[in-house]
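# Survey of secondary and tertiary structure
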Amino acid sequence: MKFALQINEGPFTHQASDSAYQFAKAALENGHEIFRVFFYHDGVNNGTMYGVPPVDDRNVQQQWSELADKHDLDLVICVAAAQRRGIMDEDEAKRHGKGASNIAPKFRISGLGQLIEAGIQADRLLVFGD
Amino acid sequence: MSTLHTVNKSPFERNSLTTCLSVAGNGSTILLIEDGVAGALQNTTVAQSISDAMGSGVKFAVLGEDLNARGLAKDRVMDGISVVDYAGFVQLATEHDNVQSWL
Amino acid sequence: MSEIKKFVYLNRKAPYGTVYALESLEVVLIGAAFEQDVRLVFVDDGVYQLTKGQTTDGIGMKNFSKTYSALGDYDVNKIYIDEQSLKDRGLTIDDLQDLTYEDEDDDWAEKSSINVVSREQLAELISEADVLLNF
């Protein structure tokens, strides 16, 4: 089965991203496909490159980057939500005259249409949020 | 179509479980996750509403990993609520036609 | 896209206290371009999103309530308000904006997009949806 996941909250403050990650892992381990993981609202903060959480706990952003790398996942950060909250890739940083990009590996920035498309293409869409 | 309802908030914090219970129909499953697992215990003030829903054909499950995290032993879960793991969560999502995530 | 899916957007939170009302509306507007079967549901505190007379100068936030009245122009004209949620909050349908659309199949007659529904009807809307978006 093809799953689409929507994550509405950022790392650490809410369990949303962790729950989604555990769900994604279990789905992949059981032979399912994750069509896309779409990060909206504060969820865009899961894609920050500059998080340095304590080493005795999980690194939420890194977990996603590694899972995406291992399974070729499509991690999409909503551009509108990212602009509000300051997550930028190279193009966005240039376009808005900001110093540098701060987006973590394996995440890409794109529009809300990617969420709708995920709803259309996937068999099931789950939302993790507050 | 049968729906998998997930509820991630405690019924003592938010009304999500209450609203969910008012629309979950026969054949659907309500899965309690994250802080929502508080609703799964015996002897709470929501236990009766849950029993009533079971009587109407709603099935219940609770995510074991979230119970464990909160120090809530499986033997304190209401009869009729199955304890599942993340693989079970995935399975429930495949078995139902859609997923309604109550936040 | 050959397949048309039933998209149901569930709005359960009041505006301004959190960002969800504003940002979920942005999804609806962008989503309109995909020509799916879209229904908006307002339940629990979500009913506050549609109150008339919102004035936000005092809180220094952008008033986006006018945007709801444009939904009809985006072909988003199936809007469901949960009656119980209104009652619980001491509100009536008259406290909410009347959202309308122009029916192209009826000589562009202006019609109301709003349906006040019971919990039973809400249950049906949820059970029939292909995609349920929650914010």
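Residues numbered from 1 in each chain as written. Chains lettered and ligands numbered in written order. Predicted model: local features only at pLDDT ≥ 70, side-chain atom pairs only at ≥ 80, totals over all residues.

## Re the interface of chain B and chain C
With twelve residues of chain B in contact, the opposing surface of chain C contributes twelve residues. Taken together, the elements giving at least two residues each to the side of chain B that touches chain C come down to helix H1 (16–23) and strand E5 (98–102) of chain B. Among the elements that line the side of chain B that touches chain C, the one with the most residues is E5(B), at four residues. (Contact = placed C-beta atoms within 7 Å. Helix = DSSP H or I, 4+ residues; strand = E, 2+ residues; numbered from the N terminus.)

## Section: the sheet that holds strand E3 (residues 75–78) of chain A
Residues and elements named next belong to chain A. The strand order across the open sheet built from five strands is E4-E3-E2-E1-E5, with neighbouring strands paired in parallel fashion. Among the strands making up the open sheet, the edge pair consists of strand E4 (107–110) and strand E5 (124–128). Neighbour to neighbour, the strand axes of the sheet diverge by 25° on average, direction disregarded. In this sheet, strand E2 (residues 33–39) lies alongside strand E1 (residues 2–7) in parallel orientation, the contact comprising six bridges. Each bridged residue has a counterpart across the sheet, and for leucine 5 the counterpart in E2 is valine 37. Strands in contact with helix H5 (residues 113–121) are E1, E2, E3, E4 and E5; relative to E2, the strand with the most contacts, it is inclined by about 155°. (Pairing = 2+ DSSP bridges. Axes fitted to C-alpha atoms, helices over the stretch in contact; angles between N-to-C directions.)

## Description of the environment of Ser16(B)
Residue and element names in this part refer to chain B. Structurally, the position occupied by serine 16 is in helix H1. Here serine 16 falls in the buried class, since 23 other C-beta atoms lie within 10 Å of it. The spatial distance from the C-alpha of serine 16 to the C-alpha of threonine 44 is 16 Å, given a sequence separation of 28 residues. The contact partners of serine 16, leaving out residues within four places of it in the chain, are Val7, Lys9, Trp102 and Leu103. (Buried ≥ 20, exposed ≤ 12 C-beta atoms within 10 Å, placed from the backbone.)

## Remarks on the pairing of E1(A)
Residue and element names in this part refer to chain A. Most of E1 is tucked away: five of the six residues are buried. Remark: the E1/helix H1 (residues 16–29)/E2 crossover connection has right-handed handedness. Direction of pairing for E1 relative to E5: parallel, over a ladder of five bridges. Residue pairing in the sheet places leucine 5 in a bridge with leucine 126 of E5. (Right-handed = clockwise from strand over helix to strand, strands pointing away.)

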